[in-house]
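The chain contents come next:
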Amino acid sequence: MVSVPRLVFAAPASGAGKTTVATGLMAAFAARGLEVSPHKVGPDYIDPGYHTLATGRPGRNLDPWLTSEDLIAPLFLHGARGADVAVVEGVMGLYDGAAGHGELASTAHVAKLLRAPVVLVVDAASAGRSVAATVHGFMTYDSVSADGGLRLAGVVLNRIGSDRHAEICRAAIEELGLPVLGLVRRRAEVETPSRHLGLIPAAERRADAVATVERLGALVAESCDLDALLALARTAPALPARPWTPAAPLDPAVGAGTQGTDPRPVVAVAGGAAFTFGYAENAELLEAAGAQVVGFDPLRDETLPEGTAGLVVGGGFPEMYATDLSANEPLRTEIAAFGGPVYAECAGLLYLTEALDGAPMCGVLDATATMTPKLTLGYRSAVAVSDSVIARAGERVRGHEFHRTAVTPAHGGRPAWQWSTGGPEGFVRGDRVASYLHLHWAARPEQAARFVGACA
């Protein structure tokens, strides 16, 4: 049994202010000298970047679709090692998760798995006493479920106008017997800029993002009862689980890692402003499998790290930096000639094509990429069509897709995956595999072990 004080922040719908309040609370607690563990429900990569700035610890995702129900508490405890308190930001509305699968992967689902009290963030900008009706609905919706329902323990009202507005809303909610733990005023200066896939990642606007997080921390500190929120977090019971460890699943019977190999193979992982999407556990699994993980920035570095044996290029926004990526011809040429294993997801797929919106890319794949007006977003079930450096044909995986681009052809030769509801996807070329599918390797640690084994 492991005890970690924790809170989950949810909302009736997207846009209510979860990120503002959760990130601000992380920063406010950290400013008090607390060690804060940041978490995000769902597959989103962008919010955890702001969480990292607020706390100085890696922002980590908790997603039962990408991993499993059984892994949520262990992954949470792994991320929260040594923390005084953990703050979990929800996704969309409280009960929104994997479409067609009930509450699976919703904030409510994760809160139950963590046995954590939930604070509901309600946008009060265009309402008065009616906010209480909204809160009442969320209090009663799950109260008769077999597991005893959700523990909705408090409310933070966001985008409050005048003092009179605050008192009207507070009084109405307190009639329900639920405490109002914060009244956050409307402040344009704490808004975070967005574009076609949501918030602009913190890594792309580092100085401005740091200032924004500091302002969020100050706003929440003056608007919310930090003592009451911390006391509420401490009411969370101990979890009957052990912390996940990246070393444990890499048994020789499962995957062919290279633990103990000297020297360890160098796996170069793309980063920088153009490639900001990645789960912290994936890199930890590569290290546990025996790799030396070294980051590089395709916008700045003209060569791969010395001794690179394998290359991982994850997600991000290469479409925003196509001209600069293309201008780095020395690196593109080296990647095109690289003979070791390559694993690429989404943005990495685009970078490996011949061209992105007409700008020359690495040319590893016989395909081109273009921006489109259509958003492709959702969880995906897939089966491996071909053997690759991470999967064996016939293996089933769960991941997600998130982009506004198209690749022509969408696949060629040996595809990587077959969608459960569509056609083939991605490319397998020898030891190179690239597709739009984002994976969380904690679900299948053997994927990391196989990749490192191939690098060795």
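If you're wondering where the values come from, they're calculated on a predicted model, not measured in any experiment. (Residues numbered from 1 in each chain as written. Predicted model: local features only at pLDDT ≥ 70, side-chain atom pairs only at ≥ 80, totals over all residues. Heavy atoms only, no water.)

Undergrad: Can you help me understand the pairing of strand E1 (residues 6-10) in this one?
TA: Remark: a regular strand shows side chains that alternate across the two faces of the sheet. Counting buried positions along E1 yields 5 of 5 residues, so the element is predominantly enclosed. Here E1 shows two buried faces, one formed by Arg6, Val8 and Ala10 and the other by Leu7 and Phe9. Relative to strand E4 (residues 85-89), E1 is paired through 4 bridges, and the arrangement is parallel. Across the sheet, the residue bridging to phenylalanine 9 is glutamate 89, located in E4. (Buried < 20%, exposed > 50% of the residue type's maximum accessible area, 1.4 Å probe, protein only. Helix = DSSP H or I, 4+ residues; strand = E, 2+ residues; numbered from the N terminus. Pairing = 2+ DSSP bridges.)

Undergrad: How do you make sense of helix H5 (residues 130-141) when you look at a structure like this?
TA: Within an α-helix, residues lying three or four positions from one another point in the same direction, as the helix has 3.6 residues per turn. Its 12 residues give H5 an end-to-end C-alpha distance of 17 Å, which sits within 8% of 16 Å, the value for a rise of 1.5 Å per residue. Within the sequence span of H5, burial applies to Val131, Ala132, Val135 and Phe138. The arc that holds the buried residues of H5, viewed along the axis, is 125°, so those residues lie on one side. H5 presents Ser130, Ala133 and Tyr141 as exposed residues on the side facing more than 90 degrees away from its buried surface. (Expected span 1.5 Å × (residues − 1). Arc of directions from axis to C-beta.)

Undergrad: What exactly am I supposed to notice about the sheet that holds strand E3 (residues 60-62) here?
TA: Sheet strands line up and pair through hydrogen bonds in the backbone, either parallel or antiparallel. Strand order in the open sheet formed by 7 strands is E3-E2-E4-E1-E5-E6-E7, with parallel pairing between adjacent strands. Taken across any chain shown, the strands that pair with only one partner, and hence form the sheet edges, are E3 and strand E7 (180-185). Taking each pair of neighbouring strands and ignoring which way they run, the sheet shows an average axis angle of 25°. Pairing of E1 with strand E5 (residues 118-123), which is carried by 3 bridges, proceeds in the parallel orientation. Within E5, the residue paired with valine 8 across the bridge is valine 118. The sheet strands contacting helix H3 (residues 69-79) are E1, strand E2 (36-41), E3 and E4, and the helix crosses E3 at an angle near 165°. Set on the sheet, H5 makes contact with E5 and strand E6 (152-160); between it and E6 the angle comes to about 150°. (Axes fitted to C-alpha atoms, helices over the stretch in contact; angles between N-to-C directions. Contact = heavy atoms within 4.5 Å.)

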